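The residues making up each chain are set out below.
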Amino acid sequence: MSKNLLIITPGFPKDESDDTCIPALQIYLKALLGSQYFDNIMVVSVYYPITAKTYFWHSVKVVALGHSQKTFFSRAFSPFMLSTKISNLVKAFPLDLIHSFWINQTAILGNMLSKKFKVPHIATTMGQDVFFTKKLKYLIDSEKLKLIAVSEFQKEKSSMKVNEVIHWGVEEHHETEVNSIRAIDVIGVGSLIDLKQFDVFLEVIQKIRKVKPDIKVVIVGDGPEREKLLDKVKRLRLEENVILVGQKSRLEVLSIMRQSKVLLHTSRFESFGMVFVEALNAGMYTLSERVGIAGEHEKCIVVSGKHEMAEQLVLLLNNKMWNFPKEPAFSVQNTLEGYLDCYNKALKKT
C-alpha cells in the first residue's frame, strides 16, 4: 500500500541551485527522499516562488501557487482563498499525511485539508511564528494536530501544546583535520535586519579591539540595515577590522566558516539557529545569548549582555587549536529518525 505525503510551506527553493532558501528543510527533504519512506511527496508552496508554476525538485513535485502577500487581506484569508485549489490538487494525489511548516496560514490550510480528507496533520513551528500560537490555538484543532518545535527554547514560547522537539540537522561530513591557521577571528552571519542586532555586534567588536587591535571580522548577509551598519563601522573606526561581504551562497558561507574562529551571534531570537550547527561543524565556537539551540553543545557558549559577550570572546580567541568535529554536532539522520517516528505514529492512528 502506497504512502503519500503533502507538504505545505510558505516558500520553497525555486530550483535545485537555490541553496539559501530554507536550507534546513532542503537538507531534511533530501534525507527523507533517501529513506524511501513515502512513495510520493508533493510540496505546495504558497508564496515563493512568486510566479505560479509546477516543477520538480530532486524528483519531488512542487506546486508553487505564487499567492500574493502584499496586503493583509491576501495573507490573512489565504487559507480560505486557496483551500479549494489545493483540494483539487489532492484529488489526483491519494493523500495519507499532511506536514505543514510554520504555524501560520500554512498550518490553518493543513488543518482544513486534514478535516476534509480525514488524514493526520503534523506541523513544525519554524521561527517567530511560534508567537502566533496564542491566536491559532483557537483556529486549529490542537487535539488532532501534532505540533513539533525545533528547540527547547522555542517550545517554551508556544501557547499550544508541543508534542515533541526535533532538531534540524546537517549532512554527514568527513573533515577531521586540525585547522589552526584561520585568518578570520570573528564572523557574523544573517540577514541585516533589526532582529539580528548587528549594531550590538559592532559594539562588541569595538570593545574587543582595545585588547586585540588587529582583530579581523567578516559579516555575511544583506538587508535593509546594510547602509546603517556601514555608517556605524565608520563611526566606530572599525574600517580596518570589519568587512561586510554581502549575501553569499550556502556553500560560500560554509567555506568562510572553515576559515573563521568564532561565530558571534547577537540576534534577539532564534527558533533553532542553523547557523550555530554549521559553525560548529566548521570547527568554530559560537557565542550568543540563550536563543535557539545555544547552550546545547559544549562549544555553543551562552552569555548575557554585551560586556560578558566581549569578555568571553577574548577568551575564545586565545584558543590556538580549531578542530573539525569527528561527527556532525546535529545530524540530519537524527532529524529523519525523529520525523519517521512521528509519521509512523500518526499513520497508525488512521
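A quick note: this is a predicted structure, and the numbers were derived from the prediction, not measured.

*Asks:* Before we move on, can you summarise the overall build of the protein chain with the specific residues and values?
*Replies:* Tallying secondary structure elements over the protein chain gives twelve helices and 14 strands in all. The C-alpha radius of gyration of the protein chain comes to 21 Å, within 12% of the 20 Å expected for a compact globule of 350 residues. Across its three principal directions, the C-alpha atoms of the protein chain cover 65 × 45 × 35 Å. Counting all 350 residues of the protein chain, 55% fall into the buried class. Here the protein chain contributes 46 positive and 38 negative side-chain charges, whose respective centroids are spaced 6 Å apart.

*Asks:* Any chance you could break down the pattern of salt bridges for me, citing the residues and the numbers?
*Replies:* Going through the model one piece at a time under the given rule, you end up with twelve salt bridges. Between Lys146 and Glu164 there is a salt bridge, with its nearest N and O atoms 3.6 Å apart. Of the two residues, Lys146 sits in strand 7 (residues 145–149) while Glu164 sits in strand 8 (residues 164–165), which places them 18 residues apart along the sequence. Judged by its relative accessible area of 18%, Lys146 is buried. Owing to a relative accessible area of 21%, Glu164 belongs among the partly exposed residues under this scheme. Residue Lys261 pairs with Asp185 through a salt bridge whose shortest N-O separation is 3.1 Å.

*Asks:* Please provide a residue-by-residue account of helix 7 (residues 198–209), values included.
*Replies:* For helix 7, built from twelve residues, the straight-helix expectation of 16 Å at 1.5 Å per residue is met to within 8% by its first-to-last C-alpha distance of 16 Å. When helix 7 is considered as a whole, its buried residues turn out to be Phe198, Val200, Phe201, Leu202, Glu203, Val204, Ile205 and Ile208. Contact partners of the buried residues in helix 7: strand 9 (184–189), strand 10 (217–220), helix 8 (226–235), strand 11 (242–246), strand 12 (260–265) and helix 11 (305–317).

*Asks:* Give me the sheet that holds strand 5 (residues 97–101): which residues, what numbers.
*Replies:* Spatially, the eight strands line up as an open sheet ordered 3-4-2-1-5-6-7-8, and their pairing is mixed. Among the strands making up the open sheet, the edge pair consists of strand 3 (53–57) and strand 8. As paired strands, strand 7 and strand 8 are joined by two bridges and run parallel to one another. Its bridge partner being in strand 8, Ile148 is matched across the sheet by Glu164. Relative to the sheet, helix 4 (residues 105–117) contacts strand 1 (4–11), strand 2 (40–48), strand 5 and strand 6 (121–124), its axis offset from that of strand 1 by approximately 150 degrees.

*Asks:* So what's going on with the environment of Ser74? Residues and values would help.
*Replies:* Structurally, the position occupied by Ser74 is in helix 2 (residues 72–76). Separated by 64 residues in the primary sequence, Ser74 and Pro10 place their C-alpha atoms 13 Å from one another. If sequence neighbours within four positions are ignored, Ser74 has contacts with His67, Ser68, Gln69 and Met81.

*Asks:* Give me the nonpolar core: which residues, what numbers.
*Replies:* In this structure, Tyr28, Leu29, Leu32, Trp168, Met257 and Tyr343 are the most contacted members of the largest nonpolar core, which totals 66 residues. With eight residues, helix 12 (residues 332–348) is the single largest residue contributor to this core. The contacts of Leu29, once residues within four sequence positions are left out, are Ile7, Phe12, Val43 and Trp57. The next biggest cluster of nonpolar side chains, apart from the first, holds 30 residues, and it includes Phe201, Leu236, Tyr285 and Leu287.

*Asks:* Which residues make up the packing of helix 3 (residues 78–91) against helix 4, and what values go with them?
*Replies:* As a packed pair, helix 3 and helix 4 sit with axes 10 Å apart at the nearest point and diverge in direction by 50 degrees. As far as their axial angle goes, helix 4 and helix 3 are oblique. Of the two elements, helix 3 crosses helix 4, and the hand of that crossing is right-handed. Facing Ser78, Pro79, Phe80, Leu82, Ser83, Ile86, Ser87 and Val90 of helix 3, the residues of helix 4 in contact are Gln105, Ile108, Leu109, Met112, Leu113, Lys116 and Phe117. When its residues are assigned to classes, the contact of helix 3 with helix 4 shows ten nonpolar, four polar and one charged.

*Asks:* Describe the layout of surface pockets, listing the residues and the values that go with them.
*Replies:* When its volume is computed, the largest pocket comes out at roughly 1200 Å³. Lining of the largest pocket is provided by 37 residues; of these, Thr20, Pro23, Ser191, Lys196 and Glu270 occupy positions nearest its centre. The leading source of residues in the lining of the largest pocket is helix 10 (residues 274–281), at three residues. Across the lining of the largest pocket, the residue classes break down as 17 nonpolar, twelve polar and eight charged.

*Asks:* How would you explain empty space enclosed by the protein if you had to name every residue and give the values?
*Replies:* If you walk through the whole model with that rule in mind, you get one cavity of 30 Å³ or more. Taken as a whole, the largest cavity spans an internal volume of roughly 30 Å³. Lining the largest cavity, in full, are Ile193, Asp194, Gln197, Phe198, Asp199, Glu225 and Leu229. Partitioning the lining of the largest cavity into residue classes produces three nonpolar, one polar and three charged.

*Asks:* Outline the environment of Gly295, listing residues and values.
*Replies:* Structurally, Gly295 can be placed in the loop between strand 13 (285–288) and strand 14 (300–302). If we ignore the near neighbours within four places in the chain, the residues touching Gly295 are Cys300 and Val302.

*Asks:* Which residues make up the side chain of Ser260, and what are the values?
*Replies:* Relative to the helices and strands, Ser260 is located in strand 12. Judged by relative accessible area, Ser260 falls into the buried class, the value being 0%. Within the structure, the side chain of Ser260 is placed 2.7 Å from the backbone oxygen of Ile256, a separation counted as a polar contact. Leave out the neighbours within four places in its chain, and Ser260 touches Arg182, Ile184, Ile187 and Met284.

Reading the values: the criteria
Residues numbered from 1 in each chain as written. Predicted model: local features only at pLDDT ≥ 70, side-chain atom pairs only at ≥ 80, totals over all residues. Heavy atoms only, no water. Helix = DSSP H or I, 4+ residues; strand = E, 2+ residues; numbered from the N terminus. Rg over C-alpha atoms; globule rule 2.2 N^0.38 Å. Buried < 20%, exposed > 50% of the residue type's maximum accessible area, 1.4 Å probe, protein only. Lys, Arg positive; Asp, Glu negative; His and termini not counted. Charge placed at Lys NZ, Arg CZ, Asp CG, Glu CD. Salt bridge = Lys/Arg side-chain N within 4 Å of Asp/Glu carboxyl O. Expected span 1.5 Å × (residues − 1). Contact = heavy atoms within 4.5 Å. Pairing = 2+ DSSP bridges. Axes fitted to C-alpha atoms, helices over the stretch in contact; angles between N-to-C directions. Core = buried A, V, L, I, M, F, W, Y, C linked by side-chain atoms within 4.5 Å. Parallel < 35°, antiparallel > 145°, perpendicular 65-115°, else oblique. Left-handed = near helix turned anticlockwise from the far one by under 90°. Nonpolar A, V, L, I, M, F, W, Y, C, P; charged D, E, K, R; others polar. 1 Å grid on protein atoms, 1.4 Å probe; cavity = no way out; pocket = protein on both sides within 12 Å on 5 of 7 lines; lining within 4 Å. Points joined across faces, edges and corners; volume = space filled by probe spheres on them. Polar contact = N/O pair within 3.5 Å; in protein donor to acceptor, adjacent residues only side chain to side chain.

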